[in-house]
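An overview of the molecular structure
Here are the chains, one letter per residue:
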Amino acid sequence: MIDSWLVKLHLKKSAEVFTDLAGWRTYYIEIMLTIALIAFPLGTVFSLPNYIAEEKYGLIAFDFGAILVIALALHLRARISLVKFYYVLIYAMTLTFFIFNGPFYARPGWLGMCVVTAAFLFGVRAAVIATVFNALLLLFMYRYIGPYLAAWAPLYFEPLRTWIMFTMIISLISVMTSLPAGLLLSRMNGLLLHEHELSEQLAREGEVLQATNTELNHEIAERTKAEQALRESEEKYRALIETTGTGFVILDREGLVRDANQEYVQLTGHQDYHEIAG
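Report follows, based on the coordinates. Model, not experiment: these values are computed from the prediction.

Here we look at the overall build of the protein chain
Check the secondary structure of the protein chain and you find eight helices and two strands. Ordered by position in the sequence, the α and β elements of the protein chain form the string α-α-α-α-α-α-α-β-β-α. The C-alpha atoms of the protein chain give 42 Å as radius of gyration, which overshoots the globular expectation for 278 residues (19 Å, by more than 25%). Seen along its three principal axes, the alpha-carbon backbone of the protein chain occupies a region of about 135 × 35 × 30 Å. By sequence separation, contacts in the protein chain at least 24 residues apart represent 53% of the contacts at least 6 residues apart. Looking at the protein chain as shown, the accessible area adds up to about 18,400 Å², and 66% of this sits on carbon and sulfur atoms. Positive and negative charge centroids in the protein chain, built from 21 and 27 side chains respectively, lie 19 Å apart.

Rendered as structure tokens:
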């Protein structure tokens, strides 16, 4: 069933299409955005009563806007950079949920997802930068945004060092999960590129071998044609000297008979050529 949906959405592709990690990244993002286009409306409908009760109308507007933007991005995926769009979308969702709902429950995991996604899309260096950015972002929100939001109020009953410790733990977990993934993907990309180079080399060698084989077949055909022509010439020559009624003989330098027709054999008083052959 899933394969049929992917085919209809033009997301089902063969593994031979991808020669490096960039192709796999784009393919992964297309699938994730397709899933988001299905899951996001369901989550919005499920959360809508709570949002209305808590008067979080900005979050409602964001959810519906995100759904429209995802649908538009999938429609225009051939014209835009899905990699950059996907990463901006994840960060926009993370910041929006942090601001409106506070840094509680599973929302800190979104920051870790942003770092791992950075490692997958842009490499290890981007993951480190994203980790530092997240740490600074948490400290900034605690100092300048949280005090003015009701969702953040429970956080300020604890000392600042608790938030700093929380920030350090989130950063450490993000690095520990993203670096192995980034290094592994970098290695995978190198292997894919090497495999592509080998495939191209084999293709070039195959073309050379095919050209050589074609040339050899042509030479064999020409040789066969020449041999056939020689046999036909010999047959014509033999038929000529055997039907003229005149004796023909071929002698070598020592005067030995090397060839003769039947008329000459009979003129010498013999019946068979082998009786006079030198």
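Next comes the rest of the write-up.
Brief notes about the nonpolar core
Core analysis: the biggest nonpolar cluster contains 33 residues, and Ile-29, Leu-33, Tyr-87 and Leu-121 have the highest contact counts within it. Take this core: its biggest share by element is 10 residues, from helix α4 (residues 82–101). Ignoring any residue separated from it by four or fewer positions in sequence, one finds Ile-29 in contact with Leu-82, Val-83, Tyr-86 and Leu-121. Membership of the second largest hydrophobic core comes to 10 residues, among which are Leu-111, Leu-137, Leu-138 and Trp-152.

Notes on unusual backbone geometry
For Glu-55, which is not glycine, the phi dihedral falls at a positive 60°. The residue Glu-55 is located in the loop between α2 (21–53) and α3 (57–75) in this model. Of the residues examined, Glu-55 reaches a relative accessible area of 58% and is grouped as exposed.

Quick look at the packing of α2 against α3
For the pair α2 and α3, the least separation of the axes is 10 Å and the interaxial angle reads 160°. Judged on the interaxial angle alone, α3 and α2 are roughly antiparallel. Relative to α3, α2 is oriented so that their crossing is left-handed. Between α2 and α3, the residues in contact are Glu-30, Leu-33, Thr-34, Ala-36, Leu-37, Phe-40, Pro-41, Thr-44, Leu-48, Tyr-51 and Ile-52 and Tyr-57, Leu-59, Ile-60, Asp-63, Phe-64, Ala-66, Ile-67, Ile-70, Ala-71 and Leu-74, respectively.

A look at the packing of α3 against α4
Between α3 and α4, the least distance of the axes is 11 Å, while the angle of their chain directions is 170°. One finds that α3 runs roughly antiparallel with respect to α4. Taken together, the residues of α4 that come into contact with α3 (itself represented by Gly-58, Leu-59, Phe-62, Asp-63, Val-69, Ile-70 and Ala-73) are Leu-82, Phe-85, Leu-89, Ala-92, Met-93, Thr-96, Phe-97, Phe-100 and Asn-101. Its residues assigned to classes, the contact of α3 with α4 shows 12 nonpolar, three polar and one charged.

Here is what the cut-offs are and how they apply
Residues numbered from 1 in each chain as written. Predicted model: local features only at pLDDT ≥ 70, side-chain atom pairs only at ≥ 80, totals over all residues. Heavy atoms only, no water. Helix = DSSP H or I, 4+ residues; strand = E, 2+ residues; numbered from the N terminus. Rg over C-alpha atoms; globule rule 2.2 N^0.38 Å. Contact = heavy atoms within 4.5 Å. Areas by Shrake-Rupley, 256 points an atom, 1.4 Å probe, with all protein chains shown as cover. Lys, Arg positive; Asp, Glu negative; His and termini not counted. Charge placed at Lys NZ, Arg CZ, Asp CG, Glu CD. Core = buried A, V, L, I, M, F, W, Y, C linked by side-chain atoms within 4.5 Å. Buried < 20%, exposed > 50% of the residue type's maximum accessible area, 1.4 Å probe, protein only. Axes fitted to C-alpha atoms, helices over the stretch in contact; angles between N-to-C directions. Parallel < 35°, antiparallel > 145°, perpendicular 65-115°, else oblique. Left-handed = near helix turned anticlockwise from the far one by under 90°. Nonpolar A, V, L, I, M, F, W, Y, C, P; charged D, E, K, R; others polar.

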